[in-house]
Number of protein chains: 2
Amino acid sequence: MTSSRLHAVILAGGSGTRFWPLSRRSAPKQLIALLSDRTMLQETVARVAPLVPPERVWVVTGREHVDEVGRQLRMVGATGPVIVEPVGRNTGLAIAVAAHRLVELDPEAVMTVLPADHVVAKPDAFLRSVSQAEELAHRGFLVTIGLVPRRPETGYGYIKRGAPLPSDGPEGKGLSDPGAFLVERFVEKPDRKTAERYISQGGYLWNGGMFIWRAAAILDEIRAHAPALAKAAADIATAVRSGADEGRMRDLYERIESVSIDYAVMEHTARAAVIPVEMGWSDVGSWAALDDVAEHDERGNVVSGRVLDVDSERSILYAQDRLVATIGLQDMIVVDTPDATLVCRKDRAQDVRRVVGELEKRHAQEHVVHRTVQRPWGTYTVLEEGEGYKIKRIVVNPASRLSLQSHHRRSEHWVVVAGTARVTCGDRVYDVATNESTFIPPQTKHRLENVDPSIPLQIIEVQSGPYLGEDDIVRFDDDFGRK
Amino acid sequence: MTSSRLHAVILAGGSGTRFWPLSRRSAPKQLIALLSDRTMLQETVARVAPLVPPERVWVVTGREHVDEVGRQLRMVGATGPVIVEPVGRNTGLAIAVAAHRLVELDPEAVMTVLPADHVVAKPDAFLRSVSQAEELAHRGFLVTIGLVPRRPETGYGYIKRGAPLPSDGPEGKGLSDPGAFLVERFVEKPDRKTAERYISQGGYLWNGGMFIWRAAAILDEIRAHAPALAKAAADIATAVRSGADEGRMRDLYERIESVSIDYAVMEHTARAAVIPVEMGWSDVGSWAALDDVAEHDERGNVVSGRVLDVDSERSILYAQDRLVATIGLQDMIVVDTPDATLVCRKDRAQDVRRVVGELEKRHAQEHVVHRTVQRPWGTYTVLEEGEGYKIKRIVVNPASRLSLQSHHRRSEHWVVVAGTARVTCGDRVYDVATNESTFIPPQTKHRLENVDPSIPLQIIEVQSGPYLGEDDIVRFDDDFGRK
């Protein structure tokens, strides 16, 4: 059962580095699987699915993640529009642009704004609060979901609730169970003492950045409280309609200051309402925050992957296929990935960004990409690089192909280990079956294609030559518009 | 300048697991490089080289390590005999057999017995004590090097020194500087309280298992105090002379109980002498012991390899090529290898053996072999295994070849990335140059050979087939006697 006018607008623009080495610039937190087999974006889509049909799930993301976002959405069957931001401009512009496009589609559309990288342990409570908020939205309120605080957290903003909202009918229809309130005020991240006062005083809720409102209503409020933002969003919507090119879109985005919707509108509007709810929410802001949301073993550890532990306590031990052995750890974080390992005291989890900063300075690659790199046609994984050679495992999705390309300085040996490859090499087009191989000389136009509609193609590529950089590529034709 | 009759007998039979994951069953501590580019065995050879010429360096090791020991000795130019033990029987039998073979060569031979896996930070002090001991050995003494204790260690045996040794001439020739003493008694590893008493009382030295004596003298004492051991060693020496086969040799070794030379002889003989010396010695019994012998940074860390550290203290951070990032660690051990990582509290370093025990129980491979496996002809490294395929990098030493072999169930694609391969495949013999490839079908006799006298051959092998175990191999001819 889905509501007729509810759309989800999932904000997936983050570029966080606090989950390094699992997250990378090319794979920020919302695009990785942290607590389940699904990525956090996919979990967000699934969470709202009982109320929002797949074609009404909108996602806002950055240019560099659009391929991966598309791939992840297809995997969970979401078919709504993806709004690509040429540059990130915080939640203000993202929401304003989405609201514009929604109003064009349906002037009465209700949008629920959801960050793509939060965890909700109790999805039913979440769905109840969204349904309840939808009714308030139809009455003109800008509704925030207020999370009942579990501790005097200094990492979140707070919402002070005001008077209870009057119900709109004799039975108090829709407002009967947990209640809804006017917002007295939004407050930014407090210091420790202030946070403690909020908790002991009561009436304060965590602000998780989840909103429900009529698209037209938020546009009205943006016009009233942030006219420059409103103008920018209107210009962008017009530019989209007229099919403006990438350069023009970037200009329009870059012109406007980064501002959050909280700061631009919510702190000023008189129409803000809040629904307090306890839904096992966390923004999982660091590895240490897994303690809030993941299951623990009997010694208080969160353990995942191939870990062999002896006597550790209260630690987060996160491995994949490689073996990680731990002995006697207390309050530690260990995260292992194919090309990098993090070992960190739990109370220093915020300093992971210092490591990422240092890697940036050293022009390292381990904060940028994973060993397995996503491409629109599939993936490649660098298995080894040596003097004069590089070995990759290449997986080509069913019915997909790489660009028609050539390399100046390297040749390539391809051994097919699963599926069948259709190979273009110079003037010839031929099939290479599993356990067969072929050779691509330098300066020869070639293409690798998987014509099978259902089975992925896997090949091992051995590159050989004096220069093996990814930039030695000339593309002649590409299904994905790359040149 | 080398002494005319001094031989080194290096005991390299250990199979320790306390340096896992750097040490493995196939690469025990003495065969790994812990503190320098050279392995501990190679360091031991180099340490004694000023006194012992290369052809008089003997090494005793087990059957499964003989190839690797040979390879390491060649690298440092040691050319003496390698005595292969079919099974390890502690220092008693190893020393007795070596002494027998030395006496056959030269009845006046002096042997210095050295463990292959100890560290000596002050090699000059070591050499002075060996020279001094050699003179005592010629006078009939069984000399032990006694290490001046730095703390009340409970992990070592102790030697109580007795009366000073009388010098043998008017000037006290050779005994002038640090002095030498009769041994009052050898004592086994003490408890904490006893060790503290030894230190405060003085006159106690650590027993590091380093001995210098005439080969004939130690044989006399073995005959007197351990006749069964003497008989076994004599039988083995006879069997070696008569070219006995492996089965016969194993019988002879298995017949005798494991016993240390300390227990069999030193605790009973009246001819024991000790030379106290401070030479920066450690038996580096665990990762934590690196603190005794390795250099520290300004925060007390021992750091090696690709480590990016933020604020750690008193920790041992040991990486190789993969990136290891550490934040805020205190008194921790982190050891990273291509296929396994250890994270361990420093005071739990002894429990590494529990991890190895657990891996054994689970029939894992990470305690047995490294990702790179040594072979008599070179090395192979498994880069990746997947459903139906396995990828190896194979390095063939100059002028070396693998066996003539075939596989029932797998085919092999070989891409040459450095050097030239001479390939036998069925009836054909042909050369494959760098950047060329070839294909070996299943059930086809084949051989890979590097005919170049100086350049290693590197190939990437992609195996393909329904079964890819190392045991699917039939050998028809082999340079290394394997069948």
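The shown structure was predicted, so the numbers you read here are calculated from the model rather than taken from an experiment.

K.L.:
Explain the relation of the copies chain A and chain B to me, please; I cannot follow it from the model alone.
P.N.:
For the pair of chain copies, the relating operation is a rotation around an axis with a shift along it. Rotating chain A by 180° about the axis while translating it 0.1 Å along that axis superimposes it on chain B, leaving an RMSD of 0.1 Å. In symmetry terms, the pair is related by a two-fold rotation axis. Taking the C-alpha atom as reference, chain A places Leu 383 of chain A closest to the rotation axis, 3.2 Å from it. A share of 100% of the interface residues of chain A reappears at the interface of chain B, consistent with the copies meeting face to face through the same patch.

K.L.:
For this particular structure, what's the right way to read empty space enclosed by the protein?
P.N.:
By rolling a water-sized probe across the atoms, one finds the places where empty space is left. All names here are of chain A. One pass over the full model with this rule turns up three cavities of 30 Å³ or more. Considering only enclosed or pocket space, the largest cavity measures out at about 40 Å³ in volume. The wall of the largest cavity is formed by Thr 44, Arg 47, Leu 114, Pro 115, His 118, Phe 126 and Met 210. Elements that contribute at least two residues to the lining of the largest cavity include exactly helix H1 (40-48) and strand S4 (110-115). Within the lining of the largest cavity, the residues separate by chemical class into four nonpolar, two polar and one charged.

K.L.:
Help me understand the confidence of the model for chain A in this model?
P.N.:
Detailed reading of predicted coordinates is not advised where the pLDDT is low. Scored by pLDDT, chain A comes out at a mean of 91, with 96% of its residues at no less than 70. In the predicted complex, the global pTM is 0.85; the interface-specific ipTM is 0.84.

K.L.:
Got a minute to help me understand the sheet that holds strand S23 (residues 411-418) of chain A in this structure?
P.N.:
Strand pairs in the sheet, formed through backbone hydrogen bonds, run parallel or antiparallel to each other. Residue and element names in this part refer to chain A. The strand order S18-S19-S20-S28-S23-S26 describes an open sheet built from six strands, whose pairing is antiparallel. Looking along the sheet, the strands with just one partner apiece sit at the ends: strand S18 (372-375) and strand S26 (437-440). Going from strand to strand, the sheet's axes swing by 25° on average, the running direction of each strand aside. Of the pairings in the sheet, the one linking strand S19 (residues 378-386) to strand S20 (residues 389-396) comprises eight bridges and is antiparallel in character.

K.L.:
Would you mind showing me how to read the pattern of salt bridges here?
P.N.:
When the charged atoms of two side chains with opposite charge come close together, those side chains can pair. According to the stated counting rule, one finds 80 salt bridges over all chains in the structure shown. For Arg 322 of chain B, the salt bridge goes to Asp 336 of chain A, with nearest N and O atoms at 3.3 Å. With one member in each of two chains, Arg 322 of chain B in the loop between strand S14 (316-318) and strand S15 (323-327) and Asp 336 of chain A in strand S16 (residues 332-336) form a pair that bridges those chains. Using a relative accessible area of 1% as the deciding quantity, one classes Asp 336 of chain A as buried. Residues participating in the shared-partner salt-bridge network are Arg 150, Arg 151, Glu 153 and Asp 292 of chain A.

K.L.:
Before we go on, may I ask you to explain the interface of chain A and chain B in this structure?
P.N.:
Often, the extent of an interface is quoted as the loss of accessible area upon association of its parts. Tallying the contact residues gives 55 residues for chain A and 55 residues for chain B. Of the roughly 4400 Å² buried between chain A and chain B on both sides combined, carbon and sulfur atoms contribute 57%. Between the two partners, chain A and chain B, sit eight salt bridges. One salt bridge in this structure joins Asp 311 of chain A and Arg 348 of chain B, with 2.6 Å as the shortest N-O distance. One can count 37 residue pairs in polar contact (both at pLDDT 80 or more) joining chain A with chain B. For the side of chain A that touches chain B, the element with the highest residue contribution is strand S17 (residues 340-345) of chain A, accounting for six residues. Sheet topology note: the S17 of chain A/S15 of chain B ladder contains five bridges and is parallel. Among the inter-strand pairings, Leu 342 of chain A is bridged to a residue of S15 of chain B, identified as Ala 325 of chain B.

Conventions we followed
- Every chain is numbered on its own, with residues counted from 1 as its sequence reads.
- Chains and ligands are labelled sequentially in the order written, the chains with letters from A and the ligands with numbers from 1.
- Selection of residues for local features in this predicted model requires a pLDDT of at least 70, selection of side-chain atom pairs for listing and counting requires 80 or more, and totals for whole chains, interfaces and linings are taken over all residues.
- The side-chain numbers reported here are obtained from all heavy atoms of the structure, hydrogens and water having been left aside.
- The least-squares superposition of copies is restricted to C-alpha atoms, and to residues with a pLDDT of at least 70 in both copies.
- Any two residues whose heavy atoms approach within 4.5 Å are treated as being in contact.
- Definitions used for this entry: grid spacing 1 Å over protein atoms alone; cavity, a set of points where a 1.4 Å probe fits but cannot get out; pocket, an open set with protein on both sides within 12 Å along at least 5 of 7 lines; lining residue, one with an atom within 4 Å of a point.
- Grid points are joined across faces, edges and corners, and a volume is the space filled by probe spheres set on the points.
- In this description a helix means any DSSP run of H or I spanning at least four residues, a strand means any run of E spanning at least two, and both kinds are numbered starting from the N terminus.
- Throughout, the ten residues Ala, Val, Leu, Ile, Met, Phe, Trp, Tyr, Cys and Pro are labelled nonpolar, Asp, Glu, Lys and Arg are labelled charged, and all others, Gly among them, are labelled polar.
- By definition, pLDDT measures how confident the predictor is in each residue, and it falls between 0 and 100.
- Pairing between strands is defined by DSSP: at least two bridges between the two strands are required.
- Between N-to-C directions, angles span 0 to 180 degrees; the directions come from axes that are lines fitted to C-alpha atoms, helices contributing only their stretch in contact.
- In the sections that follow, a salt bridge refers to a side-chain nitrogen of Lys or Arg positioned within 4 Å of a carboxyl oxygen of Asp or Glu.
- Only protein chains enter the accessibility calculation, which uses a 1.4 Å probe. A residue is then buried if its area is under 20% of the maximum for its type, exposed if over 50%, and partly exposed in between.
- When two parts are put together, the accessible area they lose, computed with a 1.4 Å probe and summed over both, is reported as buried area.
- Each polar contact in these results corresponds to two N or O atoms within 3.5 Å; when the atoms are within protein, one needs to be able to donate a hydrogen and the other to accept it, and residues that are neighboring in sequence are counted only if both atoms are side-chain atoms.

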